[in-house]
Amino acid sequence: LQKAIVLYQLAQRWRGYYARYIESGKMYPSTSMYDDLSFAAIWIYIATGDENYLNDAIVFYDQTVSSEGHVNPNPYMFNYENVVPALDLLLYKATKDPLYKKNVQDFVREWMNTKSRTGDIIYTNKNLAKALPYGTLQHTANAAFLTMVAAKNVMDSKFTLYACWARNQIGYMLG
């Protein structure tokens, strides 16, 4: 925990995109930072209960939404470049703010809807959900994980429905 706090303080002092300074930054460029700072702050808040970290998480969340928008071409992608879906879930658990709850519910419903209202999620002929435009399995696996956590903490009912969807997606990926 102390190392996480020191690292968070370092990130506060030396703001910028890590990808400029490391070799793998060419392959995995970073186009956002506020969602990462918010993610770090909310986890430290969960570990310590220190309200200052919760306040930081909310401020950074607002900055990522207002200044960076959704950094991916698809806002329903939850991956290394966009942790906003996880932030919505963690911030809802911490604050009970209905905005975060709605965002989590929208995320889950978009992934589970075989007729995506936004067109950002498609289903294969064998019912694997994929995020456009890339459609890699990391997005589907992350969505299944977030759906399971949301089913327990955010979604109002029908846990079995969400659990079955997530299990089917992971089962398809594993063969």
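Rules used in this analysis
- Residues numbered from 1 in each chain as written.
- Predicted model: local features only at pLDDT ≥ 70, side-chain atom pairs only at ≥ 80, totals over all residues.
- Heavy atoms only, no water.
- Helix = DSSP H or I, 4+ residues; strand = E, 2+ residues; numbered from the N terminus.
- Rg over C-alpha atoms; globule rule 2.2 N^0.38 Å.
- Buried < 20%, exposed > 50% of the residue type's maximum accessible area, 1.4 Å probe, protein only.
- Contact = heavy atoms within 4.5 Å.
- Areas by Shrake-Rupley, 256 points an atom, 1.4 Å probe, with all protein chains shown as cover.
- Core = buried A, V, L, I, M, F, W, Y, C linked by side-chain atoms within 4.5 Å.
- Expected span 1.5 Å × (residues − 1).
- Arc of directions from axis to C-beta.
- Salt bridge = Lys/Arg side-chain N within 4 Å of Asp/Glu carboxyl O.
- Axes fitted to C-alpha atoms, helices over the stretch in contact; angles between N-to-C directions.
- Parallel < 35°, antiparallel > 145°, perpendicular 65-115°, else oblique.
- Left-handed = near helix turned anticlockwise from the far one by under 90°.
- Nonpolar A, V, L, I, M, F, W, Y, C, P; charged D, E, K, R; others polar.
- Phe/Tyr/Trp six-rings, centres within 6.5 Å; stacked < 30°, edge-to-face > 60°.
- Lys NZ or Arg CZ within 6 Å of the ring centre and 35° of its normal.

## So, the overall build of the chain
No. 1: Summing up its helical and strand segments, the chain has 7 helices and 2 strands in all.
No. 2: Seen in sequence order, the chain has helices and strands lined up from the N terminus as α-α-α-α-α-β-β-α-α.
No. 3: Relative to its length of 175 residues, the chain is compact, with a C-alpha radius of gyration of 17 Å against a globular reference of 16 Å.
No. 4: Taken along the three principal axes of its C-alpha coordinates, the chain extends 50 × 40 × 30 Å.
No. 5: Each of the 175 residues in the chain was classed as buried or not, and the buried ones make up 42%.
No. 6: Taking the contacts inside the chain whose residues are at least 6 apart along the sequence as the reference set, 60% of them involve residues at least 24 apart.
No. 7: Entry remark: accessible area of the chain is about 9900 Å², with carbon and sulfur atoms responsible for 57%.

## Comments concerning the nonpolar core
No. 1: Counting 45 residues, the largest nonpolar core has Ile42, Leu91, Phe107, Val108, Trp111 and Trp165 as the members making the most contacts within it.
No. 2: Top element by residues in this core is helix 4 (residues 84–95). It accounts for 7 residues.

## Notes on helix 7 (residues 159–174)
No. 1: Here helix 7 spans 22 Å end to end across 16 residues, near enough to the 22 Å set by a 1.5 Å rise per residue.
No. 2: Along helix 7, the residues classified as buried are Tyr162, Ala163, Trp165, Ala166 and Gln169. Around the axis of helix 7, the buried residues are gathered within 160 degrees of arc, so they sit on the same side. Along helix 7, exposed side chains directed more than 90 degrees from the buried face belong to Thr160, Arg167 and Leu174.
No. 3: Gly175 occupies a position one or two residues after helix 7 and carries a positive phi of about 85 degrees.

## Some remarks on the pattern of salt bridges
No. 1: Enumeration according to the criterion identifies 2 salt bridges in this entry.
No. 2: Between Asp106 and Lys102 there is a salt bridge, and its shortest N-O distance comes to 2.6 Å. Residue Asp106 and its partner Lys102 are located together in helix 5 (residues 98–112), separated by 4 residues, close to a single helical turn.
No. 3: Given a relative accessible area of 19%, Asp106 falls into the buried group.

## As for the packing of helix 5 against helix 7
Axis angle and axis distance: for two packed helices, these are the angle between their axes and the distance between the axes, and together they describe the pair.
No. 1: Taken N-terminus to C-terminus, the directions of helix 5 and helix 7 make an angle of 55 degrees; their axes are 11 Å apart at the nearest point. By the angle between their directions, the pair helix 5 and helix 7 is classed as oblique. Crossing handedness for the pair helix 5 and helix 7: left-handed. Together, Val108, Trp111 and Met112 of helix 5 and Leu161, Tyr162 and Trp165 of helix 7 make up the contact between the two elements.
No. 2: For the contact of helix 5 with helix 7, a count of residues per class yields 6 nonpolar, no polar and no charged.

## Some remarks on the packing of aromatic side chains
No. 1: Taken as a whole and assessed by the stated rule, the structure comprises 7 aromatic pairs.
No. 2: Taking 6.5 Å as the distance between ring centres and 65 degrees as the angle between the ring planes, the aromatic pair formed by Trp111 and Trp165 counts as edge-to-face. Separated by 54 residues along the polypeptide, Trp111 in helix 5 and Trp165 in helix 7 bring together distant segments of the chain.
No. 3: Residue Trp111 is classed as buried on the basis of its relative accessible area of 0%.
No. 4: Judged by relative accessible area, which is 9%, Trp165 ranks as buried.
No. 5: A connected cluster of aromatic rings, assembled from ring pairs, spans Tyr76, Phe107, Trp111 and Trp165.
No. 6: The positively charged end of Lys96 is found above the aromatic ring belonging to Tyr92, 5.1 Å away from the centroid.

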